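# Coordinate inspection notes
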Amino acid sequence: MEYKFNFDGKEYILGEDNLEYFVNDENEELNGIELNKILELLSNSDEVDFQNSYYESCCSNCKAGKEEKKKVFDFLEYYFYVYGKNNNFVTSSIDQDYDKKSFTRLNREGIVDKCYMVTVMVCKNCSTYAIEIEEFEV
Ligand SMILES: [Zn+2]
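A brief look at the structure comes next. (Residues numbered from 1 in each chain as written. Predicted model: local features only at pLDDT ≥ 70, side-chain atom pairs only at ≥ 80, totals over all residues.)

Scanning the protein for helices and strands turns up two helices and eight strands. Mapped from its N terminus to its C terminus, the protein presents α and β elements in the order β-β-β-α-β-β-β-α-β-β. Computed over its C-alpha atoms, the radius of gyration of the protein comes to 16 Å, within 12% of the 14 Å expected for a compact globule of 138 residues. Summarising its shape, the C-alpha atoms of the protein cover approximately 55 × 30 × 25 Å along the three principal directions. Here the protein, with 138 residues, has 23% of them falling under the buried criterion. Excluding contacts between residues fewer than 6 apart, the proportion of contacts in the protein whose partners are at least 24 apart in sequence is 62%. (Helix = DSSP H or I, 4+ residues; strand = E, 2+ residues; numbered from the N terminus. Rg over C-alpha atoms; globule rule 2.2 N^0.38 Å. Buried ≥ 20, exposed ≤ 12 C-beta atoms within 10 Å, placed from the backbone. Contact = placed C-beta atoms within 7 Å.)

Pasting the structure below:
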């Protein structure tokens, strides 16, 4: 599974080879949401919109900007939400399941009980990327 997108005329491909790390919530891991599932959610959505983002640490792979002694480093970032019940993945904020109902609504209907934020961070230079999933207090 790969996810491709264009930004500033450059193509970025997120796959297994250039994944730097994948972190699932340290306290209560959400099950059923591994790398391929994230890439599939991104691929199937037309809402994905990466933005420029500046981090204090450089990319561990290419170290772009380090030699120039930059204070911040260029990344692309996108985040969305995934919802779970009993620690199992149910749906996300970017797919069409459940008619795009909000977390609050799905929670009230008993379909989900927990919300997680998924952050995708991509090195603007070499496409090395990382994914973090963290519980999000709604
Ligand atoms: Zn890089």
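Turning next to the environment of K85. By the element assignment, K85 lies in strand β5 (residues 73-85). Along the primary structure K85 and N31 are separated by 54 residues, whereas in three dimensions their C-alpha atoms are 9.7 Å apart. Setting aside anything within four residues of it in sequence, one finds K85 in contact with V90, I111, V112 and D113.

Counting 26 residues, the largest nonpolar core has I38, V118 and V122 as the members making the most contacts within it. Those elements that provide at least two residues to this core are α1 (35-43), β5, β7 (114-123) and β8 (129-135). With seven residues, the top contributor of residues to this core is β7. Not counting residues up to four positions away in its chain, the partners in contact with I38 are I33, V118 and I131. (Core = buried A, V, L, I, M, F, W, Y, C linked by C-beta atoms within 7 Å.)

Let's shift gears to the environment of V23. One can find V23 in strand β3 (residues 19-23). Under the C-beta neighbour-count criterion, V23 is labelled exposed, with 12 such atoms within 10 Å. Setting aside chain neighbours within four positions, we find V23 in contact with E132 and I133.

Another point: unusual backbone geometry. Positive phi, normally seen in glycine, also occurs at K69, with a value near 55 degrees. Checked against the element boundaries, K69 lands in the loop between β4 (51-55) and β5. Positive phi, normally seen in glycine, also occurs at N87, with a value near 65 degrees. Here N87 shows up in the loop between β5 and β6 (88-92). Residue classification places N87 among the partly exposed positions, given that 13 C-beta atoms sit within 10 Å.

This paragraph deals with α1. Taken together, the buried positions of α1 are I38, L39, L41 and L42. The buried residues of α1 all sit within an arc of 160 degrees when viewed along its axis, so they share a single face. Where α1 is buried, its residues meet β1 (3-7), β2 (10-14), β6, β7 and β8. (Arc of directions from axis to C-beta.)

What follows is about the pairing of β8. The pairing of β3 with β8 spans four bridges and is parallel. Each residue of the ladder has a partner; that of F22, found in β8, is I131. When β7 meets β8, the two strands line up antiparallel, connected through seven bridges. For M121, the partnering residue across the bridge sits in β8 and is A130. Hairpin connection, β7 to β8: the antiparallel pair is bridged by five residues, and S127 has positive phi, about 75 degrees. (Pairing = 2+ DSSP bridges.)

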